[in-house]
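Residue-level structural notes
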Amino acid sequence: MRKYQQLVLLLISCLSVSILLMYKTENNRLKYVLKYVNFFGRNDAAVLRRLENGTKEDGAQVLWRPLPVWQVIGDSFHAYSAFWMRNELVAGGEAHVLVVGKKGAVVDFRCSLDLLGGRSVQGKFRFQRDSIESLVDDKSSNFTSYHFFCQVSRDFGQPGSVSFTDITTTRSPVRLRLRNLKPASKKSDDNVVAVAHRLPATVCVDLVGFNMTSKFARSENALLQFFLFHQAMGIEHFLVYNHDELPEEVLHLLERTNIHLYGLPFNFPFQQTNGTRSRIHQLLLTDCLLRNVNHAGFTLLLRPNELFFPNSKFSGDQAKGSLQQQLRHFSSEITRFELATMSVCFDEKKKLLPDNVQYDPERRSEFKTLLNRLELPPAQLLASTSDVELSLSTGFVHRYVDCDHVGSDGLHDWRNAVREDFMEHINVLRNEVELLI
């Protein structure tokens with residue numbers, strides 16, 4: 001009897017050791033897969049839903065197609081992206097192309113539209129200089145920004161591409177694929193606004209003008225938080241210009257979330273200087289706006305060290321009303337909302353970005369930060385020049401910068417300017433992101 005008891009004890013011991021080894025192996029694998037995600041003890045369902053579920057589907061949200069890239073369309077000109085806009089009230093439409101050319105070069109082109117059935121239709125070429133050219137006097141710049149148009153006055157069907165021929169050279173036509181911008185619905189204005197507010201919000205990320213040598217850029221944790229915080233606010237779609245600048249580890253970690261990244265190259269053909277920043281910024285903004293038409297209700301162009309804090313999530317916040325709902329009381333003619341921007345001193349020792357509390361009121365951003373509403377037709381959207389300043393109680397932007405005098409009397413605590421309920425909302429976002437890093 002005693003031998004049987006010893007045998008049973010031996011079997012139980014072997015089984016226990018086997019289970020312990022299996023548990024240890026599985027636990028190590030789980031820790032590796034979830035290196036930056038802490039599941040244990042979590043009861044936040046909202047955070048769990050933001051993790052990758054293996055069924056990520058972009059569907060109509062493929063915002064990068066056709067892929068923009070600088071193409072030579074003549075000895076002195078390069079085109080980046082092309083968009084087809086059919087007229088709403090009359091027949092025909094036009095291709096709208098973003099172009100840069102050597103300063104002083106003669107603009108003389110022919111154009112045609114290539115239909116999906118293989119037929120080519122001659123169009124009427126016209127161009128205009130970008131409006132920012134009249135605002136910026138950069139003596140060192142060697143390029144000019146243009147908008148090229150190829151117009152037709154009849155309906156031939158949807159074109160797949162537009163071709164340009166530089167008359168000043170003997171080169172063959174250069175073909176550019178078109179992104180189709182559908183005209184606005186002919187339903188009532190109220191229905192159009194309602195549909196626009198059901199569309200997701202997007203963020204366009206400017207890595208072209210971003211200083212990759214700054215302390216912020218060298219912190220993979222800070223770069224990761226840029227995406228996680230905006231996702232916590234209800235934004236899951238990001239168009240990243242110069243996508244290859246993002247560190248591989250950041251991209252690897254973002255693949256495990258429901259964040260959708262659209263990588264867009266920006267192989268700019270001219271030398272970039274301090275004086276050209278505003279013009280390149282404007283070019284990125286124009287491409288961002290046109291690319292998001294029909295696919296987003298709102299969009300912003302931000303650099304990775306700029307964090308947008310609205311007073312509620314973009315959608316789904318039934319308690320207070322989402323930010324989209326709050327902005328509905330503005331006329332649909334108002335498409336641009338200016339956000340106050342604070343230059344917050346960045347300390348890489350702080351685990352989370354909102355923990356950096358000191359800002360320098362003397363440091364100004366070189367560009368306005370605009371929340372863009374995409375309800376109007378593209379032509380009216382680009383022609384809009386007026387914007388409305390949003391109050392601090394609605395939303396603001398933190399721009400994280402390197403400061404040499406942290407703790408000095410010239411700095412202020414940004415929390416002193418924020419209402420208590422708004423601060424509670426920021427703390428909720430902070431706690432959500434803390435669970436993911």
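Description of the structure in this document. These figures come from a predicted structure and were not determined experimentally.

With that settled, the discussion passes to the overall build of the protein chain. When helices and strands are counted, the protein chain shows nine helices and 20 strands. Relative to its 437 residues, the protein chain shows a buried fraction of 50%. The contacts of the protein chain with a sequence gap of at least 6 include a subset with a gap of at least 24, amounting to 77%. With an accessible surface of roughly 22300 Å², the protein chain has 50% of that area assigned to carbon and sulfur atoms.

Within the structure shown, the criterion is met by 33 aromatic pairs. On the numbers, 5.1 Å between centres and 70° between planes, the contact of phenylalanine 227 with phenylalanine 238 is edge-to-face. Of this pair, phenylalanine 227 sits in helix α4 (residues 220–232) while phenylalanine 238 sits in strand β11 (residues 237–241), and the two are eleven residues apart along the sequence. Phenylalanine 238 matches phenylalanine 227 in its accessibility class, with the two residues each being buried. Across from the ring centre of tryptophan 64, 5.9 Å away, lies the NZ or CZ of arginine 65, which sits over that ring. The residue whose ring lies beneath arginine 279 is phenylalanine 143, and the NZ or CZ to ring-centre distance is 4.3 Å.

Attention now moves to the state of the cysteines. Per the stated rule, a full pass over the model turns up three disulfides. Paired by a disulfide, cysteine 204 and cysteine 288 hold their sulfur atoms 2.1 Å apart. Between cysteine 204 and cysteine 288, the S-S torsion sits near 85°, and that sign places the bridge as right-handed. Placement of the pair is cysteine 204 in strand β10 (residues 201–206) and cysteine 288 in helix α6 (residues 277–292), with a sequence separation of 84 residues. Looking at cysteine 204, the relative accessible area reads 0%, which means it is buried. Regarding the disulfides, the protein chain carries the connectivity 1-2, 3-4, 5-6 under sequence-order numbering of its bonded cysteines.

To continue, consider the environment of glycine 395. Here glycine 395 is to be found in strand β19 (residues 395–401). Along the backbone, glycine 395 and serine 312 are 83 residues apart, and their C-alpha atoms lie at a distance of 8.7 Å. Contact partners of glycine 395, with chain neighbours within four places excluded, come to Phe308, Phe309, Pro310, Leu339 and Phe422.

On to the environment of isoleucine 259, then. In this structure, isoleucine 259 sits in the loop between α5 (248–254) and β12 (260–264). With a relative accessible area of 2%, isoleucine 259 lands in the buried category. Each C-alpha atom of the pair isoleucine 259 and leucine 228 lies 8.4 Å from the other, and the pair is 31 residues apart in sequence.

Once that is clear, we can look at unusual backbone geometry. In this chain, arginine 65 is followed by proline 66 through a cis amide linkage whose omega measures -10°. Counting through the fold element by element, proline 66 comes out in the loop between α2 (45–49) and β1 (71–72). One non-glycine residue, asparagine 242, lies in positive phi territory at about 65°. Relative to the helices and strands, asparagine 242 resides in the loop between β11 and α5.

Moving on to the nonpolar core. Counting residues in hydrophobic clusters, the biggest one holds 57 residues, and the most contacted among them are Phe227, Phe238, Phe314, Leu371 and Trp414. The dominant element in this core, judged by the number of residues it contributes, is α4, at eight residues. Discounting residues that sit within four places of it in the chain, phenylalanine 227 has contacts with Val205, Phe238, Val240, Leu246, Leu254, Ile259 and Leu261. If you look at the next biggest cluster of nonpolar residues, it comprises 29 residues, including Leu284, Leu285, Ala296 and Leu381.

This next bit is on the pairing of β10. Counting buried positions along β10 yields six of six residues, so the element is predominantly enclosed. Inspection of the sheet shows β10 paired to strand β13 (residues 298–302) by five bridges, in the parallel sense. Opposite cysteine 204, over in β13, you have leucine 301 as the bridge partner. With five bridges connecting them, β10 and β11 associate as parallel partners. Counted as the bridge partner of threonine 202 is histidine 237 from β11. Viewed along the sheet, the connection from β10 through α4 into β11 turns out right-handed.

What counts, and where the lines are drawn
Position numbers for residues count from 1 along each chain, tracking the sequence in the order it is written. Totals for whole chains, interfaces and linings use all residues, but because this is a predicted model, local features are given only for residues with pLDDT of at least 70 and pairs of side-chain atoms are given and counted only at 80 or more. No hydrogens and no water enter the side-chain calculation; it runs on all heavy atoms of the structure. Helix and strand labels come from DSSP, where a helix needs a run of H or I of at least four residues and a strand needs a run of E of at least two; each type is numbered from the N terminus. Each residue gets one of three labels from its accessible area relative to the maximum for its type: buried under 20%, exposed over 50%, partly exposed in between, using a 1.4 Å probe on protein chains only. By definition in these notes, contact holds between two residues if any of their heavy atoms fall within 4.5 Å. Shrake-Rupley sampling with a 1.4 Å probe provides the accessible areas, and residues are treated as covered by the protein chains on show and by no other component. Planes of paired rings set the category: under 30 degrees apart is stacked, over 60 is edge-to-face and the rest tilted, where pairs are Phe, Tyr or Trp rings (Trp by its six-membered ring) whose centres lie within 6.5 Å. Any Lys NZ or Arg CZ found within 6 Å of a ring centre and within 35 degrees of that ring's normal is scored as a charge over the ring. Here, two cysteine sulfur atoms that lie within 2.5 Å of each other are counted as a disulfide. Put simply, buried Ala, Val, Leu, Ile, Met, Phe, Trp, Tyr and Cys residues joined by side-chain atoms within 4.5 Å make one nonpolar core. Note on pairing: DSSP must find at least two bridges between two strands before they are called paired. By convention, a crossover is right-handed whenever its connection, traced from the first strand over the helix to the second and viewed with the strands pointing away, goes clockwise.

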